[in-house]
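Chain and residue survey
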Amino acid sequence: MDIRSALHLGLQQLQQSSADIALPHLEAQLLLSLVLQKPKEYLIAYGEEVLNDAQRQQYFDYIGQRTKGRPMAYLLGYKEFMGLNFFVDESVLIPRDDTEVLVNYVLKHIAALPSASVLNLGTGSGCIETILAKNNPNVQIIGVDISERALMLAKKNLQLHGVEDRVTLLVSDLFSALSSIEPFDVICSNPPYISTKDMRRLSTDILCYEPPHALYGGQDGLHFYRRIAVEAQAYLRDGGLLALEVGSNQSLSVIELLQKYGWLAIETNQDLQGHIRIVSAKKQKEPIE
Ligand SMILES: C[S@@+](CC[C@H](N)C(=O)[O-])C[C@H]1O[C@@H](n2cnc3c(N)ncnc32)[C@H](O)[C@@H]1O
């Protein structure tokens, strides 16, 4: 079987799949490029080249996995986020474009500071830490995650992008491994925020492949916001910033939580479609008794 026929057959299989495959043509090309370790342009230029048995088998194995819903990012082993490629595997959430709003918001805030210390809760692939460090030479970051496997992958991403010297990774249940002796200027997080009800509505590619501990935010989806609203003040300097990514329809509940625990200057920020993607707040000067 030559490259052209393999692409054609792969495309057909992807098109017939019940998985949510928006760009089957591109995906067939990317998977064959991966197998052959050649750029997409090669496939077009050398359409008559015949695949060997191992290549054919590997390609149709990938196509089969994709038709069952395995995300492209896990098959390819990387995902682009804010212009950089990040290694991903099933131990981490695939970075989402939505998270750009949080990263840009934090970058804007720290740009005004001579130097900044940032804590990111829930590192995952390390995409947030990497982009912050890449774009601000004066930032020092601690990233924490409950998953040791996720942190091992995050470390590879920090190294890939040359920022490992300014980012410390810790296995921690939110703040459990941290000391409050040196408070941070900024605490940010894209925590797990899917409720029990919404978990049932997730598409196969998310539900069956992405790690549940990166998605599930408790019965009402607010478990981590509740904990962060209560615990974060002890780790922020006076006037320090808390910036949280929120799921759709969660902003009002998160605002209420932050108000309840005495946070000040609560604000929301939207994505380009006008959806509220982050809720931020400042630490009050005197802790509430
Ligand atoms: C929604 S993902 C965000 C990953 C990454 N920051 C991103 O934006 O792509 C949430 C992350 O929180 C981590 N996590 C879950 N429970 C945690 C806990 N109790 N303490 C620290 N991290 C936790 C998960 O392992 C996951 O990596």
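Presented here is a report on the structure given in the accompanying data block. Every value quoted in this text rests on a predicted model; they were computed, and no experiment measured them. Here the residue index of a chain counts from 1 through its sequence in written order. In keeping with the predicted nature of the model, local features appear solely for residues at pLDDT of at least 70, side-chain atom pairs appear and are counted solely at 80 or more, and the whole-chain, interface and lining totals rest on all residues. As a convention, hydrogens and water are excluded, and side-chain values are obtained from all of the structure's heavy atoms.

Okay, the overall build of the protein next. Numbering of helices and strands runs from the N terminus, with a helix taken as a DSSP run of H or I at least four residues long and a strand as a DSSP run of E at least two residues long. Broken down by element type, the protein carries 13 helices and nine strands. Across its three principal directions, the C-alpha atoms of the protein cover 70 × 40 × 35 Å. Contact definition: two residues touch when any of their heavy atoms are within 4.5 Å. Pairs at least 24 apart in sequence give 67% of the contacts found in the protein among residues at least 6 apart. Under the convention used here, a 1.4 Å probe and the Shrake-Rupley method define accessible areas, while residue burial counts only the protein chains that appear. Roughly 14,300 Å² of accessible area belongs to the protein as shown, and the carbon and sulfur atoms make up 51% of that amount. Lys and Arg are tallied as positive, Asp and Glu as negative. Neither His nor the chain termini are counted. Charge placement uses NZ in Lys and CZ in Arg. For Asp and Glu, CG and CD serve respectively. Positive and negative side-chain charges in the protein, numbering 26 and 34 respectively, have mean positions lying 1 Å apart.

It is worth spelling out the packing of aromatic side chains at this point. Pairing of aromatic rings covers Phe, Tyr and the six-membered ring of Trp, with a centre-to-centre limit of 6.5 Å; geometry is then stacked below 30 degrees between planes, edge-to-face above 60, and tilted otherwise. As enumerated under the stated definition, the model contains four aromatic pairs in all. Ring centres of Tyr-59 and Phe-60 lie 4.8 Å apart, and the angle between their planes is 70°; on these two criteria the pair is classed as edge-to-face. A 1.4 Å probe rolled over the protein chains alone gives each residue an accessible area, and that area as a share of the maximum for its type sets the label: buried under 20%, exposed over 50%, partly exposed in between. You can call Tyr-59 buried: its relative accessible area is 0%. Criterion for a charge above a ring: Arg CZ or Lys NZ at most 6 Å from the ring centre, at most 35 degrees from the ring normal. Lying over the aromatic face of Tyr-42, Lys-38 brings its terminal NZ or CZ to 5.0 Å of the ring centre. The aromatic ring of Phe-87 is capped on one face by Lys-156, whose charged end is 4.5 Å from the ring centroid.

Let us now look at unusual backbone geometry. In this model, Leu-174 sits at a positive phi of 45°, which is unusual for a non-glycine residue. For Leu-174, the location among the structural elements is in the loop between β5 (167–171) and β6 (184–189). If you check the backbone angles, Asn-249 has positive phi at about 65° while not being a glycine. Among the structural elements, Asn-249 can be located in the loop between β7 (236–245) and α13 (251–260). A relative accessible area of 78% means that Asn-249 is categorised as exposed.

Our next topic: α13. Residues Ser-251, Val-254, Ile-255, Leu-257 and Leu-258 constitute the buried set of α13. End-on, the buried residues of α13 take up no more than an arc of 160°, which puts them together on one face. What points out from α13, more than 90 degrees from its buried face, is the exposed set Leu-252, Glu-256, Gln-259 and Lys-260. Those residues of α13 that are buried lie in contact with α12 (223–231), β7, β8 (264–270) and β9 (276–282). Two residues or fewer past α13, Gly-262 is found with a positive phi of approximately 80°. Working note: the arc is built from the helix axis to C-beta atom directions.

Taken together, the neighbourhood of the ligand is formed by 19 residues, with Gly-122, Asp-145, Asp-173, Leu-174 and Asn-190 sitting nearest. In the environment of the ligand, a nitrogen atom lies 2.7 Å from a nitrogen or oxygen atom belonging to the backbone of Gly-122. For the ligand, the protein covers 96% of the area, taking 590 Å² as the surface of the free molecule. Within the residue set of the shell around the ligand, elements represented by two or more residues are α7 (127–135) and α11 (212–215). Under the scheme applied, nonpolar residues are Ala, Val, Leu, Ile, Met, Phe, Trp, Tyr, Cys and Pro; charged residues are Asp, Glu, Lys and Arg; polar residues are all the others, including Gly. Here the shell around the ligand is composed, by residue class, of 10 nonpolar, seven polar and two charged. Residue proximity to a molecule or strand is established when one non-hydrogen atom of the residue lies within 4 Å of it. The term polar contact refers here to a pair of N or O atoms within 3.5 Å; inside protein, the definition further demands a hydrogen-donor-capable atom paired with an acceptor-capable atom, and it admits residues adjacent in sequence only when both atoms are side-chain atoms.

This brings us to the pattern of salt bridges. Between side chains of opposite charge, a pair can form as their charged atoms come close. Counted as salt bridges are all cases of a side-chain nitrogen of Lys or Arg within 4 Å of a carboxyl oxygen of Asp or Glu. Tallied over the full model, the rule gives 13 salt bridges. Across the pair Arg-66 and Glu-27 runs a salt bridge, and its minimum N-O distance is 2.6 Å. With a gap of 39 residues between them, Arg-66 in helix α4 (residues 53–67) and Glu-27 in helix α2 (residues 24–36) connect regions that are remote in the sequence. Salt-bridge contacts for Arg-277 lead to Glu-245; the nearest nitrogen and oxygen are separated by 3.2 Å. Of this pair, Arg-277 sits in strand β9 while Glu-245 sits in strand β7, and the two are 32 residues apart along the sequence. Here Arg-277 falls in the buried class, since its relative accessible area comes to 7%. Given a relative accessible area of 2%, Glu-245 falls into the buried group.

Another point: the packing of α12 against α13. Note on geometry: axes are C-alpha line fits, over the in-contact stretch for helices, and angles between N-to-C directions span 0 to 180 degrees. Relative orientation of the contacting elements α12 and α13 amounts to 25°, with a least axis distance of 9 Å. As summarised for this structure, α12 and α13 are arranged roughly parallel, according to the angle between their axes. Here the hand of the crossing between α12 and α13 comes out right-handed. Listed contacts from α13 to Tyr-225, Arg-226 and Ala-229 of α12 are Val-254, Leu-257 and Leu-258. Broken down by class, the residue content of the contact of α12 with α13 amounts to five nonpolar, no polar and one charged. Here the angle decides the label: under 35 degrees means roughly parallel, over 145 means roughly antiparallel, 65 to 115 means roughly perpendicular, and every other value means oblique. Rotating anticlockwise by less than a right angle from the far helix to the near helix defines a left-handed crossing, while the corresponding clockwise rotation defines a right-handed one.

Geometric descriptors of this kind do not, in isolation, establish any biological role.
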